[in-house]
Amino acid sequence: MCNIVDLSKDHMLIAEKARSAASDIVKDAINKGCYGFPVSFYYTCSEPVDPYTFCCIPTKDILQDLQAKIDQIHFKEDNHPNKKDVFAYVKQGDGTNIVYLCNMFWSAPDTLCTDSQPGTIIHEVSHLLGTEDITYENITMVIDVEGMGDRSCLLGKSKNVEGFAKEEMAQVNANSLEYEFETIINHDREYSDGRYQCCGEIRKNTVCESRSTIHYRLHEEFGFQKDDMENRIKEMKARAKGKRGKIIYVKKMGKACERIPVSGP
């Protein structure tokens, strides 16, 4: 029995609503300037005093590519019994742009929040642009500026994740991008009386202008650390590309992930 099927009419309506929401959210993030360039930072063991908190810093190009790719995807449903705990997956490198939706997706929240339908679409489509599943842990960067003017520097608590410095890992980790949308720039107050109570935004599928987004501007003040990070990310991506074949990236419940190499054509 084939477990990969076309979506029913009801499921297609849910999937297309999630696609539209994800596209609108990414477009709004672009319009509101929720992008920049990542910077490297010097490690410290102390707690930052006046921290900037974020999950990743996407560039404008990444967000524009993400929005374009969201509009190109197709949907299939995988209802195999062993995928009861799976939200969705994609087959990176097969050129089909298919997002396979599974059991957990249909009951996920349809508005942006942790493990939501729009967030899942953002996560899976980012794999089609080359992101990895390094970790599903919510790795939050907390950094601080020490000093003033030309003598200032960025400090953050040290942590390595799967052999990568966390600020490098975050730029190529799909969950970091998803969590930047779901927990950092998402609205933190309810939508009622025709608007979000945090910022007054009347459109539902949007990001919040009241959330702190100063981390997107740090590269403007720390050019050297921006250049350093740019070189480190290029090297990291080159190593990953050299090892990459066709990969299935599976998003599962409980902050779990599965990365399955595919052999053959």
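Attention in this report is confined to the structure presented alongside it. (Residues numbered from 1 in each chain as written. Predicted model: local features only at pLDDT ≥ 70, side-chain atom pairs only at ≥ 80, totals over all residues. Heavy atoms only, no water.)

Another point: the overall build of the protein. Counting secondary structure elements, the protein contains eight helices and 14 strands. Within the protein, the fraction of its 265 residues that count as buried is 49%. Of the contacts formed within the protein by residues at least 6 apart in sequence, a portion of 73% connects residues at least 24 apart. Surface exposure of the protein reaches about 13,000 Å², of which carbon and sulfur atoms provide 48%. (Helix = DSSP H or I, 4+ residues; strand = E, 2+ residues; numbered from the N terminus. Buried < 20%, exposed > 50% of the residue type's maximum accessible area, 1.4 Å probe, protein only. Contact = heavy atoms within 4.5 Å. Areas by Shrake-Rupley, 256 points an atom, 1.4 Å probe, with all protein chains shown as cover.)

In this section: helix α2 (residues 60-70). Inspection of α2 places L63, L66, Q67, K69 and I70 among the buried residues, and these make up the whole buried set. Down the axis of α2, the buried set is contained in an arc of 165 degrees. They therefore lie on one face. (Arc of directions from axis to C-beta.)

Moving on, we get to empty space enclosed by the protein. All chains considered together, the criterion is met by one cavity of 30 Å³ or more. Taken as a whole, the largest cavity spans an internal volume of roughly 40 Å³. Considering the residues around the largest cavity, the lining is formed by P38, V39, F54, C56, I57, M141, E167, A170 and Q171. Among the residues making up the lining of the largest cavity, the classes are represented as seven nonpolar, one polar and one charged. (1 Å grid on protein atoms, 1.4 Å probe; cavity = no way out; pocket = protein on both sides within 12 Å on 5 of 7 lines; lining within 4 Å. Points joined across faces, edges and corners; volume = space filled by probe spheres on them. Nonpolar A, V, L, I, M, F, W, Y, C, P; charged D, E, K, R; others polar.)

Here we come to the packing of helix α1 (residues 9-31) against α2. Running from N to C, α1 and α2 cross one another at 160 degrees; their axes reach a closest spacing of 9 Å. Judged by the inter-axis angle, α1 sits roughly antiparallel to α2. Between α1 and α2 the crossing geometry is left-handed. When α1 is examined against α2, the residues R19, A22, S23, V26, K27, A29 and I30 are found in contact with a partner set consisting of K60, L63, Q64, L66, Q67 and I70. Within the contact of α1 with α2, the residues separate by chemical class into seven nonpolar, three polar and three charged. (Axes fitted to C-alpha atoms, helices over the stretch in contact; angles between N-to-C directions. Parallel < 35°, antiparallel > 145°, perpendicular 65-115°, else oblique. Left-handed = near helix turned anticlockwise from the far one by under 90°.)

We now examine the pattern of salt bridges. Proximity of charged atoms lets side chains of opposite charge pair with each other. In this structure the tally under the stated criterion is 12 salt bridges. The salt bridge partner of K251 is D115, with a shortest N-O separation of 3.2 Å. Separated by 136 residues along the polypeptide, K251 in strand β13 (residues 246-252) and D115 in the loop between α3 (103-106) and α4 (117-128) bring together distant segments of the chain. Assessed through its relative accessible area of 0%, K251 is described here as buried. Taking the relative accessible area as the measure of exposure, D115 reaches 16% and is therefore buried. Residues joined by salt bridges that share partners form a network here, namely D28, K32, E201 and R203. (Salt bridge = Lys/Arg side-chain N within 4 Å of Asp/Glu carboxyl O.)

Let's shift gears to the packing of α4 against helix α6 (residues 174-184). Helix-helix packing: each pair is described by the crossing angle between the helix axes and the interaxial distance. Put simply, α4 and α6 touch, their axes get as near as 9 Å, and they point 150 degrees apart. Taken together, the axes of α4 and α6 are roughly antiparallel relative to one another. Where α4 crosses over α6, the two elements pack in a sense that is right-handed. Facing α4, whose interface residues are G119, T120, I122, H123, S126 and H127, α6 presents A174, N175, L177, E178, F181 and E182. Looking at the contact of α4 with α6 residue by residue, the class counts come to four nonpolar, six polar and two charged.

Its identity as a non-glycine residue notwithstanding, N97 has a phi of 60 degrees, on the positive side. Within the fold, N97 resides in the loop between β5 (86-92) and β6 (98-101). With a relative accessible area of 17%, N97 lands in the buried category. You will see that D193, though not glycine, has its phi angle at about 55 degrees, which is positive.

Time to look at the environment of P51. Relative to the elements of secondary structure, P51 occurs in the loop between β2 (42-44) and β3 (52-54). The exposure class of P51 is partly exposed, given its relative accessible area of 35%. Note: C-alpha distance between P51 and V142 (91 residues apart in sequence) is 5.8 Å. Ignoring anything within four residues of it in the chain, the contact list for P51 reads V142 and I143.

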